[in-house]
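Each chain, letter by letter, is given below.
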Amino acid sequence: MRRIPSLFAVQSPGGGAAVPPELLTGVPRVSSTVPLTFLGTGNAFAQGRYWSSFLIGGRVLMEPSPAVLPNLRRVGADLTAIDAVFISHFHADHTFGWPFLLLEYLLHTRRDSDLWVVGPPGVAARLDEMCRVGAYPVHDRERGGFDLHFVEVNGDEQEAGPVRFRAVSVDHVPELDCHGYLVQHGGQTIGYSGDTRPCEGLRTLAGSSDTLVLECNQQHRGATVHMSMPDVHTLRSEFPAIPFVLTHVGADVTLPDLARVRLPNDFETIEATI
């Protein structure tokens with residue numbers, strides 16, 4: 001796992017990160033660092049990059065993408081330390097690694113704690129169906145030795161075991177419920193856009209994050225269901241103090257000449273700091 005220098009020093013809420021008070025209950029605003037380890041940073045076409053997925057502090061897995069299991073091994077992640085798996089929506093590039101991750105927990109990596117899966121309504125049925133279509137087992141406590149809990153998002157502050165979070169609805173495709181997340185970890189609020197185009201939900205995420213992991217599917221405006229680099233520029237002008245970390249990028253996307261924006265490579269760890 002390659003570790004790169006600390007991300008930018010994130011300003012306090014008065015400097016632009018308008019973190020909702022309800023997300024900060026009992027969380028002191030003191031200096032902290034949260035590692036964000038990118039298992040993949042590419043979009044659905046995975047041209048030169050694996051499908052987008054990342055770890056927050058080694059405890060929260062955002063998106064069980066198709067290559068998530070081998071990529072977790074490649075970065076040396078402790079699979080038993082993952083408390084919760086988050087799914088933004090049910091497109092294949094965000095979910096098709098689930099049967100392999102579950103199989104690993106059922107047959108090889110023994111957990112001594114429960115696992116929580118967070119996603120849109122119907123998440124349990126969707127993931128079970130995926131396992132059955134692939135002729136893989138669904139969860140069995142006697143076989144795996146751990147309990148599996150599903151949490152359907154509702155837009156309120158929620159908990160997935162030890163993880164506190166809030167889901168925010170975003171505009172991606174009309175046939176799916178699509179969400180971004182605000183996840184508390186290490187005294188910070190890490191935001192994640194999921195797949196989205198510019199929308200009010202994305203602005204809510206940006207204004208409520210200490211660091212925002214932001215999709216940028218294409219360099220130029222084209223597909224209307226994703227962010228482009230001009231859209232990133234616009235969001236940066238609205239939220240100049242919030243660090244952006246780009247992911248879900250296409251082959252044409254290059255690092256923009258913008259302050260407080262990073263474009264990590266696969267398997268790199270960025271340290272989000274306040």
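What counts as what
Residues numbered from 1 in each chain as written. Predicted model: local features only at pLDDT ≥ 70, side-chain atom pairs only at ≥ 80, totals over all residues. Heavy atoms only, no water. Axes fitted to C-alpha atoms, helices over the stretch in contact; angles between N-to-C directions. Helix = DSSP H or I, 4+ residues; strand = E, 2+ residues; numbered from the N terminus. Parallel < 35°, antiparallel > 145°, perpendicular 65-115°, else oblique. Contact = heavy atoms within 4.5 Å. Polar contact = N/O pair within 3.5 Å; in protein donor to acceptor, adjacent residues only side chain to side chain. pLDDT = per-residue confidence, 0-100. Phe/Tyr/Trp six-rings, centres within 6.5 Å; stacked < 30°, edge-to-face > 60°. Buried < 20%, exposed > 50% of the residue type's maximum accessible area, 1.4 Å probe, protein only. Pairing = 2+ DSSP bridges.

Caption draft 1: Representation of the packing of helix α3 (residues 98-107) against helix α4 (residues 123-133) in the model. As a packed pair, α3 and α4 sit with axes 9 Å apart at the nearest point and diverge in direction by 85°. In terms of orientation, α3 and α4 fall into the roughly perpendicular class. Residue-level inspection shows Trp98, Pro99 and Leu102 of α3 in contact with α4, the latter providing Leu127, Met130 and Cys131.

Caption draft 2: Quick look at the side chain of histidine 172. Residue placement: histidine 172 occurs in the loop between β9 (163-169) and β10 (179-185). Within the structure, the side chain of histidine 172 is placed 3.5 Å from the side chain of histidine 91, a separation counted as a polar contact. Only 2.8 Å separates the side chain of histidine 172 from the backbone oxygen of valine 225, close enough to count as a polar contact.

Caption draft 3: Region of the structure containing the confidence of the model for the chain. Looking at the chain as a whole, its pLDDT mean stands at 91, while 89% of the residues score no less than 70. Taken as a whole, residues 1-22 scores under 50 in pLDDT and shows 71 contacts with residues more than four places along the chain or in a different chain.

Caption draft 4: Structural view of the packing of aromatic side chains. Scanning the entire structure with this criterion turns up 8 aromatic pairs. Considering the side-chain rings of phenylalanine 100 and tyrosine 136, the 5.6 Å spacing of their centres and the 85° angle between planes classify their relative orientation as edge-to-face. Within this pair, whereas phenylalanine 100 is found in helix α3, its partner tyrosine 136 is found in the loop between α4 and α5 (141-144), the two being separated by 36 residues in sequence. Its relative accessible area of 39% is what places phenylalanine 100 among the partly exposed residues. A relative accessible area of 30% places tyrosine 136 in the partly exposed class.

Caption draft 5: Fine view of the environment of leucine 106. Assignment of secondary structure puts leucine 106 in helix α3. We classify leucine 106 as buried; its relative accessible area is 1%. Note: C-alpha distance between leucine 106 and glutamate 142 (36 residues apart in sequence) is 9.2 Å.

Caption draft 6: Layout of the sheet that holds strand β11 (residues 188-192). Spatially, 7 strands are ordered β8-β9-β10-β11-β12-β13-β14 in an open sheet, and the strand pairing comes out mixed. Each end of this open sheet is capped by a strand with a single partner; those strands are β8 (157-160) and β14 (261-262). Both strand β12 (residues 211-215) and strand β13 (residues 244-247) contribute to a ladder of 4 bridges, which runs parallel. The residue bridging leucine 212 from the neighbouring strand is phenylalanine 244, located in β13. Strands β9, β10, β11 and β12 of the sheet are contacted by helix α6 (residues 200-207), whose axis makes an angle of about 150° with β9. Most of the contacts of helix α7 (residues 229-238) go to β13, to which it runs at about 165°, and overall it touches β12, β13 and β14.

Caption draft 7: Structural context of unusual backbone geometry. We note that glutamate 63 has phi near 80°; this positive angle belongs to a residue other than glycine. On the secondary structure map, glutamate 63 appears in the loop between β4 (60-62) and α1 (68-74). When its relative accessible area of 0% is taken as the criterion, glutamate 63 is described as buried. Backbone geometry at arginine 260 places phi at a positive 60°, although glycine is not the residue there. Its location among the elements puts arginine 260 in the loop between β13 and β14.

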